[in-house]
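One letter stands for each residue in the lines below.
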Amino acid sequence: MTLNQQRKLKTILTGLFAWSVALVLFFPIFWMFITSFKTELQAISVPPSLFFEPTLDNFRIVQERSDYIHHAWNSVVTSFGSTIIALVIAIPAAYSMAFFPGKRTKDILLWMLSTKMLPAVGVLVPIYILCRDYGLLDSKTALVIIFTLMNLPIIVWMLFSYFKDLPKEILEAARMDGATPWDEVVKVVLPLSVGAISSTALLSIVLCWNEAFWSLNLTASDAAPLTAMIASYSSPEGLFWAKLSAASTLACAPIVIFGWFCQKQLVQGLTFGAVK
Amino acid sequence: MTYLAITDLQKHYDSYHALRGINLSITEGEFVVFVGPSGCGKSTLLRTIAGLESSTGGSIELDGRDITEVASSKRDLAMVFQSYALYPHMTVADNLSFALRLAKVSDAEIKEKVRSVSASLQLDALLERKPKELSGGQRQRVAIGRAIVRQPKVFLFDEPLSNLDAALRVQMRLELARLHKKLGTTMIYVTHDQVEAMTLADRVVILNAGQIEQVGTPLELYRQPNSRFVAEFIGTPKMNLIAANKIVRHEDNLAIELLGQQILFPAKRLKGPLPDSVVVGIRPEHMTLVEEGGDLSGRIELVEHLGSEAYAHLQLSSDQTIIIKAPARTELKDGQEVSLKIDISEIILFNENDRVISVIPEEA
Ligand SMILES: Nc1ncnc2c1ncn2[C@@H]1O[C@H](COP(=O)(O)OP(=O)(O)OP(=O)(O)O)[C@@H](O)[C@H]1O
Ligand SMILES: [Mg+2]
């Protein structure tokens with residue numbers, strides 16, 4: 001084999017490997033999508049049928065039984081709302097820790113991360129009682145607060161590690177040019193971090209969108225986001241695979257489409273951020 | 001009149017004492033260069049003046065105002081960084097006008113200032129480019145332009161030319177000298193390149209381990225160093241140092257025994273009492289080769305030809321080598337035995353504490 005052939009073979013093999021991994025990862029989503037167009041009977045038939053007459057019945061029933069728009073709106077408000085609040089808190093926090101580190105900065109960062117090690121269920125009872133006492137059960141406010149606190153450590157970490165890599169001298173130059181700390185953040189740090197901030201925001205939105213534990217435990221109907229709606233299809237009356245799939249497809253569609261659109265922006269933002 | 005006054009300035013980094021009581025006064029319009037070995041605190045001193053590092057003692061006064069505790073942004077100083085530190089997300093024009101925009105200068109005035117600065121630094125054609133689309137020399141000019149467009153009280157430079165290649169460095173050095181002449185603004189410049197220090201400075205500040213070793217004009221430092229440290233630091237190749245243990249007073253002269261031969265040094269050029277032993281400092285350019293009757297003799301180890309001149313490394317004894325300057329087209333050969341005459345009026349004596357104990361002779 002010539003060197004050229006070897007190289008070609010290598011490309012083909014790595015390509016094959018990448019595709020198989022991608023397919024394995026994608027398969028469950030694909031299957032969910034397919035199943036949502038089947039009847040309940042087709043959905044549980046063994047062997048599973050690949051060719052069938054697609055039906056939109058499941059989607060119609062889901063919309064009839066549970067108000068999709070209502071739940072989707074709740075998801076949008078809670079995930080975007082909490083992400084925005086978290087960014088407003090995290091950007092100054094990460095800025096000060098990255099550019100004015102103190103003796104305990106490393107410890108604080110580690111402590112923030114350590115809060116993620118505690119299983120959520122461990123604080124369920126106190127938080128549930130707090131929400132009940134403040135009349136926040138089944139309210140979007142409660143979810144926004146919880147989601148903000150839940151993602152804050154990750155957001156601060158991501159921004160901190162990005163800010164830390166920004167050349168310090170650029171900020172010092174701005175300071176010498178007469179920039180106040182506010183100017184420094186708004187006119188230098190933020191424009192240089194568009195990519196990092198948008199990818200962090202996207203991650204946070206996705207994490208909130210798919211959050212189920214708190215959504216299920218703290219909401220009933222008024223504030224229930226899409227994850228809670230899906231869960232209502234695996235009820236004591238039995239599992240309805242096709243309807244469950246339709247609900248899930250509907251639930252993840254907006255975020256998948258949103259992510260797809262952001263992709264371009266993200267890539268642009270990340271390369272634009274290239275300093276030096 | 002003093003423009004910038006630094007009084008007993010201290011800087012501690014945790015346990016490390018980086019600036020140990022700096023006292024310095026600079027007059028308006030002066031070009032002052034800080035030099036010293038790596039890690040001596042040049043950048044720290046400059047950054048403390050800039051306010052980018054806080055001092056832990058002492059005071060800094062600029063134009064009659066105490067700025068020790070004033071924020072960098074309010075000190076009215078401009079700084080050029082070694083890494084240029086241009087704003088990567090802004091065009092050259094925006095980089096140049098950033099400070100003016102922060103200061104809320106009118107658009108028309110900004111436009112005019114950016115135009116005149118970019119013209120004087122040949123940046124006109126590059127105004128719409130981003131920093132990453134510029135060469136090193138162009139970035140450097142933008143960094144300088146960003147500083148001068150503001151007309152600050154003092155310019156601070158931290159090794160601004162060290163990332164450029166040799167030819168460009170010489171060119172930029174000239175441009176900086178020209179710029180200083182044109183603007184007449186006070187400049188403080190950090191470098192470890194003594195050619196830059198000697199050619200640019202009105203006054204050179206030599207720093208050593210967080211302290212000022214000596215301040216003076218380039219020529220003063222070259223001819224009248226206070227200490228062995230300064231004598232060795234200034235001048236390339238380095239000053240030759242030869243220890244002498246036997247010194248006797250001989251009427252108006254001191255007879256100093258150098259490697260077995262005697263030289264006579266005028267006694268009136270000695271400061272203080274007669275020491276037991278001295279170190280004699282002789283610059284390579286202050287010795288000449290002679291046929292006979294020289295003060296020193298030795299064997300040539302190596303000749304370095306630089307084109308315009310040559311340097312010969314001479315072995316005087318088993319543990320003493322010196323460097324002498326020779327004419328460009330010298331016929332010296334490795335291994336040759338030669339004899340040297342020392343220009344006594346140019347030699348410098350150091351005591352055992354490395355302080356200078358001789359004075360230069362009055363010009364005849
Ligand atoms: N942030 C810091 N923390 C602790 N020590 C520091 C810090 N910055 C500088 N130092 C120490 O202070 C001393 C002076 O540093 P400085 O950067 O001023 O040296 P310099 O003279 O500019 O050297 P160079 O020619 O290498 O740039 C050094 O010994 C350095 O290790
Ligand atoms: Mg330095």
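Scroll up to find the structure.
As the structure is a prediction and not an experimental result, all values here were calculated from the model. (Residues numbered from 1 in each chain as written. Chains lettered and ligands numbered in written order. Predicted model: local features only at pLDDT ≥ 70, side-chain atom pairs only at ≥ 80, totals over all residues. Heavy atoms only, no water.)

Chemist: What exactly am I supposed to notice about the sheet that holds strand β20 (residues 337-342) of chain B here?
Modeler: The strands that make up a sheet pair up through hydrogen bonds in the backbone, lying either parallel or antiparallel. All names here are of chain B. Read from one edge of the open sheet, five strands run β16-β20-β17-β18-β19, paired in antiparallel fashion. In this open sheet, the two edge strands, each paired with only one partner strand, are β16 (287-290) and β19 (320-326). Here the average twist between neighbouring strands, direction ignored, is 45 degrees. Pairing of strand β18 (residues 310-317) with β19, which is carried by seven bridges, proceeds in the antiparallel orientation. (Pairing = 2+ DSSP bridges. Helix = DSSP H or I, 4+ residues; strand = E, 2+ residues; numbered from the N terminus. Axes fitted to C-alpha atoms, helices over the stretch in contact; angles between N-to-C directions.)

Chemist: Is there a simple way to think about the packing of aromatic side chains in this case?
Modeler: The geometry of two aromatic rings is summed up by the distance between their centres and the angle between their planes. Scanning all chains against the criterion turns up 16 aromatic pairs over all chains. With centroids separated by 5.9 Å and ring planes inclined at 70 degrees, the aromatic side chains of A:Tyr95 and A:Phe100 adopt a geometry described as edge-to-face. Members of the aromatic cluster, each reached through a chain of ring pairs, are A:Tyr95, A:Phe99, A:Phe100, A:Tyr162 and A:Phe163. Above the ring of B:Tyr87, the side-chain terminus of B:Arg146 is found at 4.6 Å from the ring centroid. Just above the ring of B:Tyr222 sits the side chain of B:Arg283; from NZ or CZ to the centre is 4.2 Å. (Phe/Tyr/Trp six-rings, centres within 6.5 Å; stacked < 30°, edge-to-face > 60°. Lys NZ or Arg CZ within 6 Å of the ring centre and 35° of its normal.)

Chemist: Would you mind going over the site of ligand 1 with me for this structure?
Modeler: Residues and elements named next belong to chain B. Around ligand 1, the surrounding shell consists of Tyr-13, Tyr-16, Ala-18, Ser-38, Gly-39, Cys-40, Gly-41, Lys-42, Ser-43, Thr-44 and Glu-159. Between an oxygen atom of ligand 1 and a main-chain N or O atom of Gly-41, the distance comes to 3.0 Å. Measuring from an oxygen atom of ligand 1, one finds a side-chain N or O atom of Ser-43 at 2.6 Å. Protein coverage of the free-state accessible area of ligand 1, which is 630 Å², stands at 59%. Those elements that provide at least two residues to the shell around ligand 1 are β2 (16-27) and α1 (42-50). A total of three residues in the shell around ligand 1 trace back to one element, the largest contributor, which is α1. Within the shell around ligand 1, the residues separate by chemical class into four nonpolar, five polar and two charged. (Near = heavy atom within 4 Å. Polar contact = N/O pair within 3.5 Å; in protein donor to acceptor, adjacent residues only side chain to side chain. Areas by Shrake-Rupley, 256 points an atom, 1.4 Å probe, with all protein chains shown as cover. Nonpolar A, V, L, I, M, F, W, Y, C, P; charged D, E, K, R; others polar.)

Chemist: What is the right way to read empty space enclosed by the protein from this model?
Modeler: Empty space among the atoms can be located by rolling a probe the size of a water molecule over them. One pass over the structure, following the stated rule, counts two cavities of 30 Å³ or more. Estimates place the volume of the largest cavity at around 50 Å³. At the level of elements, α8 (168-176) of chain A together with β6 (77-80) and α4 (136-148) of chain B are the ones that each hand at least two residues to the lining of the largest cavity. Of the residues in the lining of the largest cavity, the class split is six nonpolar, no polar and three charged. (1 Å grid on protein atoms, 1.4 Å probe; cavity = no way out; pocket = protein on both sides within 12 Å on 5 of 7 lines; lining within 4 Å. Points joined across faces, edges and corners; volume = space filled by probe spheres on them.)

Chemist: When you look at the pairing of strand β11 (residues 240-244) of chain B in this model, what are you seeing that I'm missing?
Modeler: Successive side chains on a regular strand alternate, one facing one side of the sheet and the next facing the other. All names here are of chain B. Counted residue by residue, β11 has four buried out of five residues, so it is predominantly covered. Looking at chain direction, β11 and strand β15 (residues 278-282) are connected through five bridges and run antiparallel. Residue pairing for β15: Ala-243 is matched across the bridge by Val-279. (Buried < 20%, exposed > 50% of the residue type's maximum accessible area, 1.4 Å probe, protein only.)

Chemist: Even after reading the chapter, I still don't get unusual backbone geometry, so can you show me in this structure?
Modeler: Among all residues save glycine, negative phi is the norm, and among peptide bonds the norm is trans. At the junction of A:Val46 and A:Pro47, the peptide bond is cis and its omega measures out at -5 degrees in the coordinates. Structurally, A:Pro47 can be placed in the loop between α2 (40-44) and α3 (57-65). The residue after B:Thr236, namely B:Pro237, is reached through a cis peptide bond having omega -10 degrees. Within the secondary structure, B:Pro237 sits in the loop between α8 (228-233) and β11. Despite not being glycine, B:Gln151 has its phi angle at roughly 50 degrees, a positive value. Mapped onto the elements, B:Gln151 comes out in the loop between α4 and β7 (154-158).

Chemist: Sorry if this is basic, but what is going on with the interface of chain B and chain A here?
Modeler: Frequently, the measure chosen for interface size is the accessible area that the parts lose on association. Taken together, the contacts link 25 residues of chain B with 19 residues of chain A. Taken together, the two surfaces of chain B and chain A that pack against each other cover about 1900 Å², and 62% of this comes from carbon and sulfur. At the boundary of chain B with chain A, the tally comes to two salt bridges. The salt bridge involving B:Arg47 is made with A:Glu172; its shortest N-O contact spans 2.7 Å. There are eight residue pairs in polar contact (both at pLDDT 80 or more) connecting chain B and chain A. Counting residues per element, the ones that place at least two in the side of chain B that touches chain A are α1, β6, α2 (92-102) and α4 of chain B. (Contact = heavy atoms within 4.5 Å. Buried area = accessible area lost by both parts, 1.4 Å probe. Salt bridge = Lys/Arg side-chain N within 4 Å of Asp/Glu carboxyl O.)

Honestly, it's all geometry; don't read function into it.
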